[in-house]
Amino acid sequence: MNVLRSEWTKLRSVRSTWIAALSAVVTAVALGALGVSDVLTGSPSDLPAGWDPTAASLKGLLLAQLIVGMLGALSITPEFGTGLIGASLVVVPGRSRLLAAKAVVVAAVAFATGLVATLTSFTVVRLLLRGAGQPAAGPGDPGVVRALAGAVLYLTCIALLGLAVGALVRSSTTSLAVLVGALLLAPALMPALPGALGGRLAQYWPITAGQAAYAVVDRPGAVAAPLGLAILAAATALTGVAGRLVLRRRDV
């Protein structure tokens, strides 16, 4: 419990934590509203087939996830950069225990951030759609609560993935590069690969698969929401195990 309290004190005392959390919320809401701006002036008959108002309201998560991932990475990389990781390991000699405590604190902050970002974005976009006379999803509609919960869990996994990447590479800038590649570039480029390989990689890439968790309407070629979240959680866990091994075996 003392280790958790110490890690919570360290994370909340750093200004970048709250800047990242606020930026993630603002980004999710702003880009969610911007993402539906093109349908606000049309009529319901102009909407594409299979249009998902819930997923549309959460479009901002595509960029907010990068901020949340860096929130996780920044919970550990500055300690390597300043050498304070040595002091942390004097207080908590068990490296696995230290990393586990960081993971619990990061997950809690990411869960709260994801909850605020998801509910605010969903509510704002819902009001915009209803004001424009467009179909809007409500909390009582089938699958909506599940999708909103999936979005929160998705962002929590992304934060833990960021922590694991930070433990592996020990650098904030390298963590950012890795997260940009994994979260943004890979999902965009994989469908362009030739043959069935591109389609399979795009379908089961953990980030793309995980994004099925906050969709209500099934997308062609997408995995089921529970499977997608499980793939992302498994990839996050494996990266965390790799980060733990590196932290245990490499000198600080």
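Refer to the preceding data block for the structure.
Treat the numbers as computed from the prediction; the structure is a model and nothing was measured.

About the thresholds
- Residues numbered from 1 in each chain as written.
- Predicted model: local features only at pLDDT ≥ 70, side-chain atom pairs only at ≥ 80, totals over all residues.
- Heavy atoms only, no water.
- Patch = residues over 30% accessible without salt bridge, like charges linked within 9 Å, V, L, I, M, F, W, Y side chains within 5 Å.
- Areas by Shrake-Rupley, 256 points an atom, 1.4 Å probe, with all protein chains shown as cover.
- Salt bridge = Lys/Arg side-chain N within 4 Å of Asp/Glu carboxyl O.
- Helix = DSSP H or I, 4+ residues; strand = E, 2+ residues; numbered from the N terminus.
- Buried < 20%, exposed > 50% of the residue type's maximum accessible area, 1.4 Å probe, protein only.
- 1 Å grid on protein atoms, 1.4 Å probe; cavity = no way out; pocket = protein on both sides within 12 Å on 5 of 7 lines; lining within 4 Å.
- Points joined across faces, edges and corners; volume = space filled by probe spheres on them.
- Nonpolar A, V, L, I, M, F, W, Y, C, P; charged D, E, K, R; others polar.
- Phe/Tyr/Trp six-rings, centres within 6.5 Å; stacked < 30°, edge-to-face > 60°.

Participant: Is there a simple way to think about a nonpolar patch on the surface in this case?
Facilitator: A grouping of Leu31, Leu34, Leu63, Leu184, Leu185 and Leu189 is seen on the molecular surface, where their side chains present a nonpolar patch of about 520 Å² in accessible area. Taken together, the elements giving at least two residues each to the nonpolar patch come down to helix 2 (15–35) and helix 9 (172–189). By the secondary structure assignment, Leu189 is in helix 9. Take Leu189: its relative accessible area is 55%, and that puts it in the exposed class.

Participant: So what exactly am I meant to see when it comes to the layout of surface pockets here?
Facilitator: In this approach a probe as big as a water molecule rolls over the atoms, and the regions it shows empty are the leftover space. Taken as a whole, the largest pocket spans an internal volume of roughly 390 Å³. Taken together, 20 residues make up the lining of the largest pocket; nearest its centre are Asp52, Ala55, Ala56, Lys59 and Arg219. Here the residues of the lining of the largest pocket are counted per class, giving twelve nonpolar, three polar and five charged. The calculated volume of the second largest pocket comes to roughly 280 Å³. Along its surface, the second largest pocket is lined by 17 residues, and Lys10, Val14, Leu74, Ser75 and Glu79 are the ones closest to its centre. Taken together, the elements giving at least two residues each to the lining of the second largest pocket come down to helix 1 (2–12), helix 2, helix 5 (77–82), helix 6 (84–91) and helix 7 (95–131). The class makeup of the residues in the lining of the second largest pocket is eight nonpolar, five polar and four charged.

Participant: Can you walk me through the packing of aromatic side chains in this structure?
Facilitator: The geometry of an aromatic ring pair is captured by the separation of the ring centres together with the interplanar angle, meaning the angle of the planes. Under the counting rule described, the total for this entry stands at two aromatic pairs. Here the aromatic rings of Trp8 and Trp18 are separated by 6.2 Å at their centres, their planes lie at 90 degrees, and the arrangement is edge-to-face. Linking Trp8 in helix 1 with Trp18 in helix 2, this pair joins segments that are ten residues apart in sequence. Residue class for Trp8 comes out partly exposed when judged on its relative accessible area of 35%. By relative accessible area, Trp18 is classed as partly exposed at 42%. The interplanar angle of 75 degrees and the centroid separation of 5.6 Å between the aromatic rings of Tyr154 and Tyr214 together place this pair among those described as edge-to-face. Of this pair, Tyr154 sits in helix 8 (residues 144–169) while Tyr214 sits in the loop between helix 11 (206–210) and helix 12 (225–249); the two residues are 60 residues apart in sequence, bridging distant segments of the chain. Tyr214 carries the same exposure label as Tyr154, and that label is buried.

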